[in-house]
Amino acid sequence: MFGEGHIIFIFISIILVIIGVAACRRIKPPLMQLIKVCFILSVVLELVKFFSVMEIVPVVVPVTGNGVLSYAETGSYTPYIRAEHLPFELCSLQILFFFLALVIKDEKWRKRVLSVIYGTALTGGVTAVLLSSIAPQFGTAAEFLSSVRAWEFYLYHALIIIAAICIGLDGECGLRFSDSKWMFATVLFFDISSLYLNSILSEPVYRGKELEGIMYAVNFFSSYNNPLGIPMTGKPQYLLYLLLRFCIASALIVLVYLPFRLRDRRRR
């Protein structure tokens, strides 16, 4: 993390966000038209991600010989993407939130969805750019900069950051500090859901009926493996980490909605 290629992409993302926000401020498109464009672009970028991470793998069957388990190819092949690439992270969920904002007709609920996009896309997008989950996959800056997956990753997160900032600046949307409760409720819901989802998509290893361990694990919402590098080998450490995550998330929610409180105080 924070290698040469990562730092270059951070600067590229900052430039894209500045240009995107400035263009929107100059052109002043209707907010829902902007959301429609963001939705279309996000779907396109998600498809680019799908085809860039997709693998064509052989179909195999288990074979036991001399007491040793192995796998034999059947001669068939199938496309496959690994579980960690499924769109269940907070940033990937922006595609769903964009769609909901477009199809919901009730203005009150649409504003609630927009408030969720503002907070989650801003915090999630900035965090993803700075603490890139894909940065460790590349050994050199040239490899990083020539990767389709890397360009898709940073273009997508720059896009959702632009959308979030434009929502926050939009006068007709009129976000307020009290709207932060919708972001809090949404993050809490998906955070709790990820605890179950990670277990469902992980690959346990049993000896008889006893759980031996996990051979393949996913980590949506950083529910266990964490960017802070905190070692967790027992339940007390894990519960402490969950408490720390809750405090950090609460602080970030307050931080991104605080400008609306300050704005309303200045107006009064």
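All of the points below concern the structure found in this document. (Residues numbered from 1 in each chain as written. Predicted model: local features only at pLDDT ≥ 70, side-chain atom pairs only at ≥ 80, totals over all residues. Heavy atoms only, no water.)

What follows is about the environment of Thr-123. In this fold, Thr-123 is placed in helix α4 (residues 107-130). The class for Thr-123 is buried, based on a relative accessible area of 14%. Along the chain, Thr-123 and Ala-83 lie 40 residues apart, while their C-alpha atoms are 24 Å from each other. Not counting residues within four places of it along the chain, the set of residues in contact with Thr-123 comprises Met-183, Leu-252 and Val-256. (Helix = DSSP H or I, 4+ residues; strand = E, 2+ residues; numbered from the N terminus. Buried < 20%, exposed > 50% of the residue type's maximum accessible area, 1.4 Å probe, protein only. Contact = heavy atoms within 4.5 Å.)

With that settled, the discussion passes to the packing of α4 against helix α6 (residues 148-169). Interhelical geometry of α4 versus α6 gives an angle of 140° and a closest axis separation of 8 Å. By the angle class used here, α4 and α6 are oblique. The element α4 and its partner α6 pack so that their crossing is left-handed. Contacts from Leu-114, Ile-117, Tyr-118, Ala-121, Leu-122, Gly-124, Gly-125, Val-126, Ala-128 and Val-129 in α4 reach Phe-153, Tyr-154, His-157, Ile-160, Ile-161, Ala-164, Ile-165, Ile-167 and Gly-168 in α6. Broken down by class, the residue content of the contact of α4 with α6 amounts to 15 nonpolar, four polar and no charged. (Axes fitted to C-alpha atoms, helices over the stretch in contact; angles between N-to-C directions. Parallel < 35°, antiparallel > 145°, perpendicular 65-115°, else oblique. Left-handed = near helix turned anticlockwise from the far one by under 90°. Nonpolar A, V, L, I, M, F, W, Y, C, P; charged D, E, K, R; others polar.)

So, about the nonpolar core. Among the nonpolar cores identified, the biggest contains 57 residues, and Leu-114, Ile-117, Tyr-118, Phe-144, Ile-167 and Tyr-257 are the most heavily contacted of them. Looking at this core, the elements that each hand over two or more residues are α1 (4-27), α2 (31-53), α3 (94-103), α4, α6, α7 (180-201) and α8 (235-267). Considering every element that reaches this core, the biggest residue donor is α6, with 13 residues. (Core = buried A, V, L, I, M, F, W, Y, C linked by side-chain atoms within 4.5 Å.)

Function cannot be inferred from these measures alone, as they are strictly geometric.
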